[in-house]
Every structure is written in C-alpha cells, then in structure tokens.
Amino acid sequence: MKGGSTGPRSVSFDADTNSVCLLDQRLLPHRVVWVRTPDHRATAQAIRDMVVRGAPAIAAAAAYGLAQGIREYGGRDLRRFRAHVRQVHATLLNARPTAVDPTRAMQEVLDAMRRGRTVPERQALALAAAEEFAHRSALECRALGEQGLRLIHDGISLLTHCNAGRLACVDHGTATAPLYLARERGIKFHVFCTETRPRSQGAALTAWELAQAGIPHTIVPDTAVGLLMQQRRVDLVLVGSDRVLGRTGDVTNKIGTYQLAVLARRHGIPFYVAIPLSTLDWHLRSPRQIPIEERDAEEVLCARGAPVVPKGSRIRPEPITVRVANPGSPAWNPAFDITPAELVTGILTPVGLFKPGELWANRHALGYRTGSGTARV
C-alpha cells in the first residue's frame, strides 16, 4: 500500500471458487485480513457491514457480486434465469442505497449480459463486464491523480475527510490519487485527515494509507476543523463523494462533509471533490431525491479499537468494542450529508476539473448516455 499499484487490489474476484475477495476494512489499521464471500448474499452482507466501503470499491464489489450471483444459477431456462438475476440485483442494490456507483456498475453488467443468447453465455459476459468495470475504475482513479496534480504545490497543507484512498477504491484512490503522485514527484505537502466519527475512517484508514505511503499527516478531531482553518493552517480541502448530481452539481459524501464546506467558504478556502465517472448521477434532478442511509445507533454510542500494548511488543491485540455513551440514551446516525453546489469550488474527474455548474454542459465527455441511472434488469 505505497500509494501506487504495488499491492493487491482492495476488491477482486476468484473465478475458480466464484468468490469475491475483499480486504476487511473494519479491522484496519490493527490487522490485515482478507475475506472471501462465497455467494452473492454474503457479498451484499459484506457491503452492508462495511467490510468493504467507499463508493468505487462498493461498486466493484457489487458488480462482482452480481456476476457471482448470476454464475450461481445452474439451470438453462432463460425465464427462470431472469427472475434469479432480478433477485440477485435487488439484494445487492439494497445493501447500501446512498452511493450511485453500485447502481451504474451493476447496470453495466446487466447490459453486457443481455448480449448472450444462452445462460452460459450470459454468465460469461457478466463476469467479463464486472472485471472490465473494476479495471476501468482503477484507471480512472489513476487519471484523477494526473488531473489533480495541478492542485498540489510545494509547501501546502490540505484537509481531507473520511477515506477516499486505495481502500475506498479498486486502486489508487480518488482524493488521495493526486497525493500519491505528488509524493512520487518529490512535492512536499502536509495532510490533515479528520477523525471522521463515528467509524473513524479518517483516523483509522486514511492515516494508515498515508503512513504506508510516507506522506506527512496529522489526525484532527472533526470538531477542531474550524479552529484549524481560523489559524490559516489549511490551504485547500479535497474529499471524495458517493454521489454527485450531474444536473445540479450537489455532492453527497460522508457525514460531516457539508460542515467542512461551510467552514471552508467562511475562511476563503477552496473546496474540491474528486470522483470517478461512475459517481455522477445523471438521473436525479434534485438533492432531495437522494436516499440518505441511516445506520445503527450503536456506531455512535460505542467505539471500536484495539487495546494499547507496550511499544515494541509482539502482541497483536484483537479489536474490541466499548460503550462511551450514557446507557439507555438514543442516537441518530445518518451516514451521509449533501453539500450544495454553491459551496464546491470544483469537481475533479478523470477527464478534467469542472465547476459544479459545468457538469451538465459537459455531460457527454463525462460519460453520460441516454438513460444513465435508469435501472433495467
């Protein structure tokens, strides 16, 4: 995990066992464990339980999971096969509803599959389409890095939120892709990564990735960002996204992103969003239509981590969960929020940097196709 394609991808597929291979992000940074999901229901559960997370990584997992489920069918009857595919698709689609990437990834698999005349032909085409999506997603993230290099200059300090690195993608990352390339080219910079409560993806995952890549960084509490900006210690904000509306430029990302954008505007700091093309939603016309996932209150009421061990110890502590909130108190746990387009300086894509209001005018260059975002099973 040195920042480039120097290690295994965070999501892959084993055709021999018809299993999806995932790096279990819940155990990082304390343990590196790979998980193989044996069927599409287990893949959907892994997405739901955040074994895999990050919109591009979920999309690849969903595409592979769909191909996996399609390959599970053992008959030859096309009518029954289509009913089976609809069930597999629905199971994966409902695993995490906010990100649009899985919808688009699975639609690519379905569209490719229909070119087959027989069940075996359709099964083979489905897996090939899933592999193609994962490969293209990695290439797009690499291109994001090249496009985003213009934002990274010697001596700057930038702030990122949640995890938009290799772990959240098939490879390279979105918001981190320019950072890895800048590091390779000798540009000196510093990264502030928010803790990102309640699951601490910034403190646990982004910080782990940056440390692996040798990038100087500091973890800050979510609530310290205003003071950090007030002290003029942040030059720009760079985050990922789970859904960007192509018609309006509104951005859906991990909860807390909206308040970062408000603070950045207050202090005159540029706010950029880095996305692959699959994150663009050309179908929805209003941010009010975006489904906001609400997760278990236990994520807020408890904290998960590993016991502290003496420095230099060979003990590998198992992660534990502890309750930090008052027993019996309820909690509200929305996983995402929506940042209005007017607070976003630019949307960084594999094909260029655009203002939010420029997306629709450049939709064909950004991968728009008639019917994009419309489910067809």
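Small disclaimer: the values here were computed from a predicted structure and weren't measured.

**Details of the sheet that holds strand S8 (residues 243–245)**
- If you walk across this open sheet you meet the 4 strands as S11-S8-S9-S14, and the pairing is mixed. The strands lining the two open edges of the sheet, one partner per strand, are strand S11 (280–281) and strand S14 (336–339).
- Pairing of S8 with S11, which is carried by 2 bridges, proceeds in the parallel orientation. Its bridge partner lying in S11, Leu-245 is registered against Asp-281.
- Running at roughly 35° to S14, helix H9 (residues 257–266) makes contact with strand S9 (251–254) and S14 of the sheet.

**Quick notes on the confidence of the model for the chain**
- When pLDDT is averaged across the chain, the result is 93; 96% of the residues are at 70 or more.
- Note on residues 1–5: pLDDT is under 50 here. Beyond four places in sequence and across chains, it has 18 contacts.

**With respect to the nonpolar core**
- If you look at the biggest cluster of nonpolar residues, it comprises 41 residues, and the most contacted ones within it are Val-11, Leu-22, Ile-47, Leu-66, Ile-70 and Val-109.
- Counting residues per element, the ones that place at least two in this core are strand S1 (11–14), strand S2 (19–23), helix H1 (40–48), helix H2 (55–72), helix H3 (78–93), helix H4 (101–113) and helix H5 (119–148).
- Looking at which element gives the most residues to this core, the answer is H2, with 11 residues.
- Not counting chain neighbours up to four residues away, the residues in contact with Leu-22 comprise Ser-10, Val-11, Val-33, Trp-34, Val-35, Thr-37, Ala-46, Val-51, Val-52 and Ala-61.
- The next biggest cluster of nonpolar side chains, apart from the first, holds 28 residues, and it includes Ala-264, Leu-277, Phe-354 and Leu-359.

**A short note on a positive patch on the surface**
- Where like charges cluster on the molecular surface, the positive patch consists of Arg-79, Arg-80, Arg-82 and Arg-86.
- Along the chain, Arg-86 turns up in helix H3.

**Brief notes about the packing of H1 against H2**
- Two elements in contact, H1 and H2, have axes separated by 8 Å at closest approach and are oriented at 165°. As far as their axial angle goes, H2 and H1 are roughly antiparallel. The handedness of the crossing between H1 and H2 is left-handed. Taken together, the residues of H2 that come into contact with H1 (itself represented by His-40, Thr-43 and Ile-47) are Ile-58, Ala-61, Ala-62, Gly-65, Gln-68, Gly-69 and Glu-72.
- In terms of residue class, the contact of H1 with H2 is built from 4 nonpolar, 5 polar and 1 charged.

**Structural notes on the side chain of Ser-241**
- Position of Ser-241 relative to the elements: it lies in the loop between strand S7 (236–239) and S8.
- A distance of 3.1 Å separates the side chain of Ser-241 from the backbone nitrogen of Arg-243, its partner in a polar contact.
- A polar contact is formed between the side chain of Ser-241 and the backbone oxygen of Thr-252, at a distance of 2.7 Å.
- For Ser-241, the contacting residues outside a window of four places in its chain are Ala-55, Val-251, Thr-252, Asn-253, Val-273, Ala-274, Ile-275 and Thr-279.

**Regarding H4**
- Look at H4: 18 Å from first C-alpha to last across 13 residues, which is about the 18 Å you get at 1.5 Å a residue.
- Most of H4 sits inside the fold, with 11 of its 13 residues counted as buried.
- Among the residues of H4, Asp-101, Pro-102, Thr-103, Arg-104, Ala-105, Met-106, Gln-107, Val-109, Leu-110, Ala-112 and Met-113 are the ones counted as buried.
- Buried residues along H4 sit in contact with H2, H3, H5 and S11.

**Description of the pattern of salt bridges**
- Inspection of every chain in the model, using the stated rule, returns 16 salt bridges.
- The residue Glu-108 makes a salt bridge to Arg-136 at a minimum N-O spacing of 2.5 Å. Note that Glu-108 is positioned in helix H4 and Arg-136 in helix H5, a separation of 28 residues in sequence.
- One network of salt bridges, with partners in common, ties together Arg-96, Arg-199, Glu-293, Arg-295 and Glu-299.

**Section: the layout of surface pockets**
- Empty space within the largest pocket amounts to approximately 600 Å³.
- Lining the largest pocket we find 26 residues, and of these Arg-26, Pro-198, Arg-199, Ala-303 and Arg-304 sit closest to its centre.
- For the lining of the largest pocket, the secondary structure elements donating two or more residues are helix H7 (201–213), helix H10 (298–301) and strand S12 (302–305).
- Looking at the lining of the largest pocket, the element that brings in the most residues is S12, giving 4 residues.
- The class makeup of the residues in the lining of the largest pocket is 10 nonpolar, 6 polar and 10 charged.

**Re the packing of aromatic side chains**
- All chains considered together, the criterion is met by 5 aromatic pairs.
- Geometrically, the ring pair formed by Trp-282 and Trp-360 is tilted, given 5.9 Å between the ring centres and 50° between the ring planes. Highlighted residues: Trp-282 in the loop between S11 and H10 and Trp-360 in the segment after strand S16 (352–354), separated in sequence by 78 residues.
- Ring geometry for Trp-360 versus Tyr-368: centroids 5.5 Å apart, planes at 70°, classification edge-to-face.
- In this structure an aromatic cluster arises from ring pairing among Trp-282, Trp-360 and Tyr-368.
- We note Arg-363 situated over the ring of Tyr-368; from NZ or CZ to the ring centre the distance is 5.9 Å.

What counts and how
Residues numbered from 1 in each chain as written. Predicted model: local features only at pLDDT ≥ 70, side-chain atom pairs only at ≥ 80, totals over all residues. Heavy atoms only, no water. Pairing = 2+ DSSP bridges. Helix = DSSP H or I, 4+ residues; strand = E, 2+ residues; numbered from the N terminus. Contact = heavy atoms within 4.5 Å. Axes fitted to C-alpha atoms, helices over the stretch in contact; angles between N-to-C directions. pLDDT = per-residue confidence, 0-100. Core = buried A, V, L, I, M, F, W, Y, C linked by side-chain atoms within 4.5 Å. Buried < 20%, exposed > 50% of the residue type's maximum accessible area, 1.4 Å probe, protein only. Patch = residues over 30% accessible without salt bridge, like charges linked within 9 Å, V, L, I, M, F, W, Y side chains within 5 Å. Areas by Shrake-Rupley, 256 points an atom, 1.4 Å probe, with all protein chains shown as cover. Salt bridge = Lys/Arg side-chain N within 4 Å of Asp/Glu carboxyl O. Lys, Arg positive; Asp, Glu negative; His and termini not counted. Charge placed at Lys NZ, Arg CZ, Asp CG, Glu CD. Parallel < 35°, antiparallel > 145°, perpendicular 65-115°, else oblique. Left-handed = near helix turned anticlockwise from the far one by under 90°. Nonpolar A, V, L, I, M, F, W, Y, C, P; charged D, E, K, R; others polar. Polar contact = N/O pair within 3.5 Å; in protein donor to acceptor, adjacent residues only side chain to side chain. Expected span 1.5 Å × (residues − 1). 1 Å grid on protein atoms, 1.4 Å probe; cavity = no way out; pocket = protein on both sides within 12 Å on 5 of 7 lines; lining within 4 Å. Points joined across faces, edges and corners; volume = space filled by probe spheres on them. Phe/Tyr/Trp six-rings, centres within 6.5 Å; stacked < 30°, edge-to-face > 60°. Lys NZ or Arg CZ within 6 Å of the ring centre and 35° of its normal.

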